[in-house]
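So the chains spell out like this:
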Amino acid sequence: MIEIKNLHKSYKMGSNSLHVLKGINFSVAEGELVSIMGSSGSGKSTLLNILGMLDEADSGTYTLDGLPIKNLNEKIAAQYRNKFLGFIFQSFNLISYKNALDNVALPLYYQGIKHKERVDIAMSYLEKVGLADWAGHLPNELSGGQKQRVAIARALASNPKVLLADEPTGALDTKTSYEVMDLIQGINDEGRTILIVTHEHDIAEMTKRIVNLKDGVIIDDSKVNQVRALSNV
Ligand code: ADP
Ligand code: MG
């Protein structure tokens, strides 16, 4: 599903350059639930942003579902992102003046899906995350855990091949974090490929494989015995 080879990325700052990713190699097969672990500043978000086609590497190759991701113009990149990828962020990134249903339906608008169908699809995903009764509520009327559920429904609505989550539990208390991880585990159980960036060990252990990043290189990449989130709630 995802294959990257010898990926490098530096950030230029004036005459200085910060070498953040120093030759990353890894691949992710369909159906995996992988965490990218590492301390703050280790390059996790940089890597995830490249995988999410929000940023480009300086060198190396990236293949997504068999397609080489290189020098795409913004229109094609947007189409690929829409078709292949769903994003979940630490800070939810919901639109504050749109209710839960409209937040989930919005990506479908960009796919040209008609209003009635958008509403039906969005509602079915809100049901899936247990928030059907909250469809008409604005984000500021929802708890943090509910907001992240809405964001997960939104990410799923376009039926992406891969979900990319950058610290999805970073703004949540422990119990709520585990409930969100239970939802993510359930989505993976259905076969969806998911990558999660986290710096928390307990969260990483709820995935099936931990990729450890340190100072821009992978220092460990191991399958783990998945801890079920609900066993911790
Ligand atoms: P992590 O997500 O693991 O905390 P990041 O990938 O966000 O790490 O950042 C890795 C390093 O790159 C950090 O030192 C950070 O300050 C730097 N960095 C991240 N984004 C930029 C940017 N847009 N411009 C310059 N430096 C950046
Ligand atoms: Mg980060």
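Our structure's up above, just so we're on the same page.
Residues numbered from 1 in each chain as written. Chains lettered and ligands numbered in written order. Predicted model: local features only at pLDDT ≥ 70, side-chain atom pairs only at ≥ 80, totals over all residues. Heavy atoms only, no water.

### What to know about the site of ligand 1
Right, on to step 1. Taken together, the neighbourhood of ligand 1 is formed by Tyr11, Leu18, Val20, Ser39, Ser40, Gly41, Ser42, Gly43, Lys44, Ser45 and Thr46.
Right, on to step 2. Between a nitrogen atom of ligand 1 and a side-chain N or O atom of Tyr11, the distance comes to 3.5 Å.
Right, on to step 3. For ligand 1, whose free accessible area comes to 560 Å², the fraction covered by protein is 60%.
Right, on to step 4. Mapped onto the shell around ligand 1, the elements with two or more residues apiece are strand S2 (16-28) and helix H1 (44-51).
Right, on to step 5. In terms of residue count, the dominant contributor to the shell around ligand 1 is H1 (three residues).
Right, on to step 6. When grouped by side-chain class, the residues that make up the shell around ligand 1 number three nonpolar, seven polar and one charged. (Near = heavy atom within 4 Å. Polar contact = N/O pair within 3.5 Å; in protein donor to acceptor, adjacent residues only side chain to side chain. Areas by Shrake-Rupley, 256 points an atom, 1.4 Å probe, with all protein chains shown as cover. Helix = DSSP H or I, 4+ residues; strand = E, 2+ residues; numbered from the N terminus. Nonpolar A, V, L, I, M, F, W, Y, C, P; charged D, E, K, R; others polar.)

### Some remarks on the sheet that holds strand S5 (residues 67-68)
Backbone hydrogen bonds hold the strands of a sheet together, and the pairing may be parallel or antiparallel.
Right, on to step 1. As summarised here, the arrangement of the four strands in space is S2-S1-S4-S5, forming an open sheet in which the pairing is antiparallel. Lying at the two open borders of the sheet, with one neighbouring strand each, are S2 and S5.
Right, on to step 2. In this sheet, strand S4 (residues 59-64) lies alongside strand S1 (residues 2-13) in antiparallel orientation, the contact comprising five bridges. Note on S4: the bridge partner recorded for Ile2 is Leu64.
Right, on to step 3. Across the sheet, H1 is in contact with S1, S2 and S4; its angle to S1 comes to roughly 120 degrees. (Pairing = 2+ DSSP bridges. Contact = heavy atoms within 4.5 Å. Axes fitted to C-alpha atoms, helices over the stretch in contact; angles between N-to-C directions.)

### A short note on the pattern of salt bridges
Oppositely charged side chains are able to pair whenever their charged atoms sit close together.
Right, on to step 1. Overall, the coordinates contain 11 salt bridges when judged by the stated rule.
Right, on to step 2. Between Glu74 and Arg81 there is a salt bridge, with its nearest N and O atoms 2.6 Å apart.
Right, on to step 3. Judged by relative accessible area, Arg81 falls into the buried class, the value being 16%.
Right, on to step 4. Arg228 is the partner of Asp189 in a salt bridge, and the nearest nitrogen-oxygen pair spans 2.8 Å. You can see Asp189 sitting in helix H6 (residues 174-189) and its partner Arg228 sitting in the segment after strand S10 (217-223), a full 39 residues away along the chain. (Salt bridge = Lys/Arg side-chain N within 4 Å of Asp/Glu carboxyl O. Buried < 20%, exposed > 50% of the residue type's maximum accessible area, 1.4 Å probe, protein only.)

### Considering unusual backbone geometry
Right, on to step 1. For Asn6, which is not glycine, the phi dihedral falls at a positive 50 degrees.
Right, on to step 2. Of note, Asn6 is situated in strand S1.
Right, on to step 3. What makes Asn6 partly exposed here is its relative accessible area of 43%.
Right, on to step 4. Residue Asn93 is not a glycine yet carries a positive backbone phi of 55 degrees.
Right, on to step 5. Tracing the backbone through its elements, the reader meets Asn93 in the loop between strand S6 (85-89) and helix H3 (100-110).

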